[in-house]
Amino acid sequence: MRNAYGAFARYYDYLGWDKFAKDAAVRLKAFFRLRCEKPLTILDFACGTGELEKTLAGSGIKFTGVDASSEMLRIARGKCRGVKFVQGDVATIRLGKKFDMVLFLFYSANHMNSRSHLLRVFKNARHHLREDGYFIFDFLTAIGLERWEHIDIRQKKEFTVITNGFYYPDELKADIFIEAFVKKGKLYDRVFQKVAARTYPPSDILKGLATSGFEKILASSYNPVEEIEEASRLWFVCS
Ligand SMILES: C[S@@+](CC[C@H](N)C(=O)[O-])C[C@H]1O[C@@H](n2cnc3c(N)ncnc32)[C@H](O)[C@@H]1O
């Protein structure tokens, strides 16, 4: 699997990568309020370190998290007692039950190896949903991936993180190389992570969702100050 999130897993939250899940929890709570109903069960595809489960603990929602990385799942299990976490590929895993909601967050959809891999995830999400359930995910557009092309150095007392990103417009692909030095007493622990992402035209995503059995698809710009045509990240709500 290309995005193993191995050694990096132990610093994922510490370096601030848990922020998206925290923000997504606020957004989801607003969605539940708007619909005057909360899902009883949520299947969290590519759940990572289980930050969403931790943030929504006590809401009465029963979560099942699936992730390919054993290291990410080890962190998730340590943080969220009583949540079921399963290791597997979200394109192929079969859990033998249906859920009120399936989530697939923080550009996890951009991590899938190919268009057909992503299509299989859409079909698998539909397979695991109750008839009237919702599938919600975010997706980085070409504008979003283009922003990966930069070098950034974040320096704090506790760590230094060097991020070097490349965007390949002809292939609609991007790679980001993250090197973190985390202070451990007088020494530094070094971790390195390559993260690869792909994007496709939004029309392809809409077509893929429709062929996977979703009848109602609402796409909006994740960032309200970006018009949908200029959106760097899209937010899909499908049923
Ligand atoms: C950017 S992280 C997002 C994690 C979490 N959803 C969050 O909001 O922090 C992407 C996650 O996708 C997982 N992943 C990548 N490919 C996967 C696959 N085919 N099946 C399951 N998990 C996968 C990685 O292990 C990683 O935990």
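Every chain begins its residue count from 1, and numbering advances along the sequence as written. Thresholds applied to this predicted model are a pLDDT of at least 70 for local features of residues and 80 or more for the giving and counting of side-chain atom pairs; totals over whole chains, interfaces and linings are not thresholded and use all residues.

To qualify as a helix, a DSSP run of H or I must reach at least 4 residues; to qualify as a strand, a run of E must reach at least 2; elements of each kind are numbered from the N terminus. Across its full length, the chain holds seven helices and 11 strands. Taken against the 2.2 N^0.38 rule, which gives 18 Å for 239 residues, the C-alpha radius of gyration of the chain at 18 Å falls within 12% of a compact globule. Taken along the three principal axes of its C-alpha coordinates, the chain extends 55 × 45 × 35 Å. Whether a residue is buried, exposed or partly exposed is read from the other C-beta atoms within 10 Å of its own C-beta, which are placed from the backbone; 20 or more gives buried, 12 or fewer gives exposed, and intermediate counts give partly exposed. In the chain, which comprises 239 residues, the proportion classed as buried is 33%. A fraction of 62% describes how many contacts in the chain between residues 6 or more apart in sequence connect residues 24 or more apart. Throughout, radius of gyration means the C-alpha value; the globule benchmark is 2.2 Å times the number of residues raised to the power 0.38. Here contacts are defined at the residue level, using C-beta atoms placed from the backbone and a cut-off of 7 Å between them.

With that out of the way, let us pick up the sheet that holds strand β9 (residues 187–198). In space, the four strands of this open sheet follow the order β6-β7-β8-β9, with antiparallel pairing throughout. Unpaired on one side and paired on the other, β6 (151–155) and β9 mark the two borders of the sheet. Taken pair by pair, the neighbouring strands of this sheet meet at an average axis angle of 10 degrees, ignoring direction. As paired elements, β6 and strand β7 (residues 159–168) share five bridges and run antiparallel to each other. When DSSP locates at least two bridges between a pair of strands, those strands are taken to pair. Each axis is a line fitted through C-alpha atoms, and for a helix only the stretch in contact is used; angles between axes span 0 to 180 degrees, taken between their N-to-C directions.

Here the focus is the domain arrangement of the chain. The split of the chain into domains comes from an automatic or database domain assignment. Partitioning the chain into domains gives domain 1 (7–140 + 199–238) and domain 2 (144–197). A separation of 23 Å is found between the C-alpha centroids of domain 1 and domain 2. Counting from both sides, the interface comprises 12 residues of domain 1 and, opposite them, 12 residues of domain 2.

Any set of buried Ala, Val, Leu, Ile, Met, Phe, Trp, Tyr and Cys residues joined through C-beta atoms within 7 Å is what this text calls a nonpolar core. Ranked by internal contacts, the top residues of the largest apolar core, which has 55 residues, are Phe 45, Val 102, Leu 103, Phe 104, Phe 135 and Phe 137. Among the elements that take part in this core, strand β5 (residues 129–140) stands out by supplying seven residues, more than any other. Mapping this core onto the domain boundaries places at least three of its residues in each of domain 1 (7–140 + 199–238) and domain 2 (144–197). With residues up to four places along the chain from it excluded, the contact list for Phe 104 reads Phe 45, Ala 46, Ala 109, Val 121, Ala 125 and Phe 137.

Quick look at the sheet that holds strand β4 (residues 99–104) now. Read from one edge of the open sheet, seven strands run β3-β2-β1-β4-β5-β11-β10, paired in mixed fashion. Two strands in the sheet have a free side with no partner beyond their single neighbour: β3 (84–87) and β10 (217–221). Averaged over all pairs of adjacent strands, the angle between strand axes in this sheet comes to 15 degrees, irrespective of strand direction. Most of the contacts of helix α4 (residues 70–79) go to β3, to which it runs at about 170 degrees, and overall it touches β2 (62–67) and β3. Sheet strands touched by helix α5 (residues 115–127): β1 (41–45), β4 and β5. Its angle to β5, the strand with the most contacts, is close to 150 degrees.

With respect to burial, β5 is a largely interior element, nine of its 12 residues being buried. In this structure, β4 lies alongside β5, joined through five bridges in parallel fashion. Within β5, the position partnered with Met 101 by the bridge is Tyr 134. In this fold, the crossover linking β4 to β5 by way of α5 has right-handed handedness. One ladder, built from six bridges, connects β5 with strand β11 (residues 233–238); its direction is antiparallel. Residue pairing in the sheet places Ile 136 in a bridge with Val 237 of β11. Handedness rule for crossovers: strands pointing away from the viewer, path from the first strand over the helix to the second running clockwise, crossover right-handed.

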